[in-house]
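Now for the letters of each chain:
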Amino acid sequence: MSAGVTLAERLDLVAARPLARQISAIGGDLRLDASRVTFLGGLCLQIILAASQQCRSRGSDFEIVDASAQFADAIREFGVDQEKLQGTARNEP
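The following paragraphs examine the structure supplied in this document. (Residues numbered from 1 in each chain as written. Predicted model: local features only at pLDDT ≥ 70, side-chain atom pairs only at ≥ 80, totals over all residues. Heavy atoms only, no water.)

With that settled, the discussion passes to the pattern of salt bridges. Under the definition given, this model contains three salt bridges. Its salt-bridge partner being D12, residue R10 comes within 3.2 Å of it at the nearest N-O pair. Of the residues examined, R10 reaches a relative accessible area of 46% and is grouped as partly exposed. For the salt bridge of R76 with D73, the shortest nitrogen-to-oxygen distance reads 2.5 Å. Of this pair, R76 and D73 are both found in helix α3 (residues 69-77), three residues apart, which corresponds to roughly one turn of the helix. Here R76 falls in the exposed class, since its relative accessible area comes to 56%. (Salt bridge = Lys/Arg side-chain N within 4 Å of Asp/Glu carboxyl O. Buried < 20%, exposed > 50% of the residue type's maximum accessible area, 1.4 Å probe, protein only. Helix = DSSP H or I, 4+ residues; strand = E, 2+ residues; numbered from the N terminus.)

The values reported here are purely geometric and, on their own, carry no functional implication.
Set out below in structure tokens:
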């Protein structure tokens, strides 16, 4: 069962520390709801990328669901393939 985190509307410098705390409190599968996101800054993106990698390294599921258009656009502008963020170590070759 995935633990869910609903991402804040504005993922900027102010949101980075609370986001990191929320994510670090989850020790297993992680599901991020990005439906409310209107702004994604680089530091919060780094936290999300680190969470994805951490889940992958421990064999846990990681998924981003209901990504807003702004979230998806920001991910793409940063050059990150959102599809590669999804999944688990169990699903990788």
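From this point, the discussion proceeds with the structure in view.
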